[in-house]
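Secondary and tertiary structure notes
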Amino acid sequence: MRPANDLGVYSQFFALHKNLAYQIAFTYTQDEETAERVVEQAMRQMRLSGFLDSDLSREDKRGLLALITRHRALVAARENHNAAAHREEALPKPTMVGDAEVSIYGELISKIPTRDRIVLIMVAVYGLSDATIARALQLKPAAVTKRRQRSLQFIAEQYDGHKDPESLLEDASFLTALTLWLKGRINSIEAMSNMDPHAFSAETEERIIQAMADPRRERAFRALDNAGNISLFAGILVLVVVLAIVIAQAFKSNDRPNVVALDSSLVFGETQEGLESMATEAPVEKTKRIPLAHVAVVPGAVVFYDADDGRVYRAPAGQEAQEVLDIGETVEQAYGLQHIGEVDGTIYLALIDGRGAHIEGSPAKLVIEPYWQESWFADGKEPDASTRVRRGGVAYTFGAEEETED
């Protein structure tokens, strides 16, 4: 890496491409502050991945920045439950004329979900390995491999059921179609950004350029902040426990055991009934974290999708989660789940390929519909930090996190 004080190169790169990156980020997030944060993350990743200091051409660096920015914007939009995360109709799709085979491939490429197409372009157009892409996008290598294989399999099956998916990476027409797709998208976005450039504040620009020059510094500060928060929480917890013991001992000395039990439960923020139920619960053997896009708090219950086992669960208030239906195969074929919700006791799903679905009947069955509707998810709310659900020895928590799965 260049020395951290060599700001000229990074300042120039940022000046050239900041509007392109911002336009991509804002298209997905629809929020100025979030879009600026995405631009900062993408610029930092360009440096951390080694692309910024490499011998790649300016056009190649611009293309990789566009792909990384789009990926970071998708993650940010998903964390914010922003429906724009899977919509691109705001931007014109590139047209491919001349070669019929290129045109056919272009149509098929347009049907691949954005997150898979990002990986496919990085593999096919830039010749990057799965490990390099994983570092650039902050994904697990297995997730990158799966996205690459899935997208190639889709193209091969749609174009010619007998075509070897991996052979597409040596197909000149396919590579041309991918290249034209990327250039067409970038040119369209750049034209829009030039007509309406975003004004970054001087402080924001300086922070982003510094992050590019010394990208690991920000991570170190975040780690220190997280460590400080953990220490603070641990200290507060110790104080609460000590306070509870002191109160318990004070009441115990006055021979008031019933009051002691009640006051102890109040100190810990739980009802006596809750403490009794905890005593009979199975010990926690495993903790799972469910992304916000896969959970909804609805009146009287929490409904969520566990991508690990492919099942939908419903947890009525104060009760353990109960399995509703295994939909893993359907979700896999649809490239993933975008939203989940419940209206009048019926669980609704929005699939990433644009279709909708709902679960009905007894025994439960999945009914697929051509499109999903926003009204299905109007009653759902995001869980807060205190939302906890149990199922046997499994404890579920809910919240946004870095994208690590396929």
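Because the structure is predicted, anything quoted here is derived from the model rather than measured.

Thresholds, definitions, all that
- Residues numbered from 1 in each chain as written.
- Predicted model: local features only at pLDDT ≥ 70, side-chain atom pairs only at ≥ 80, totals over all residues.
- Heavy atoms only, no water.
- Helix = DSSP H or I, 4+ residues; strand = E, 2+ residues; numbered from the N terminus.
- Core = buried A, V, L, I, M, F, W, Y, C linked by side-chain atoms within 4.5 Å.
- Buried < 20%, exposed > 50% of the residue type's maximum accessible area, 1.4 Å probe, protein only.
- Salt bridge = Lys/Arg side-chain N within 4 Å of Asp/Glu carboxyl O.

**With respect to unusual backbone geometry**
Across the junction of Ser362 and Pro363, the peptide omega takes the value 5 degrees, indicating a cis bond. Tracing the chain through its elements places Pro363 in the loop between β8 (356–360) and β9 (365–369). You will see that Gln138, though not glycine, has its phi angle at about 60 degrees, which is positive. By secondary structure assignment, the location of Gln138 is in the loop between α6 (130–137) and α7 (141–159).

**Some words on the nonpolar core**
With 65 residues, the main nonpolar core has Val39, Met122, Ile155 and Phe174 as its most contacted residues. Core analysis: the next-biggest nonpolar cluster, separate from the first, contains 17 residues, Val298, Ala301, Leu349 and Ile359 among them.

**A look at the pattern of salt bridges**
Pairing of side chains with opposite charge becomes possible as their charged atoms draw close. In this structure the tally under the stated criterion is 16 salt bridges. Where Glu190 meets Arg62, a salt bridge forms, and the shortest distance between an N and an O atom there is 2.6 Å. Of this pair, Glu190 sits in helix α8 (residues 172–195) while Arg62 sits in helix α3 (residues 58–79), and the two are 128 residues apart along the sequence. For the pair shown, Glu190 and Arg62 are each scored as buried. Taken together, the shared-partner salt bridges connect Asp116, Lys146, Arg150 and Glu332 into one network.

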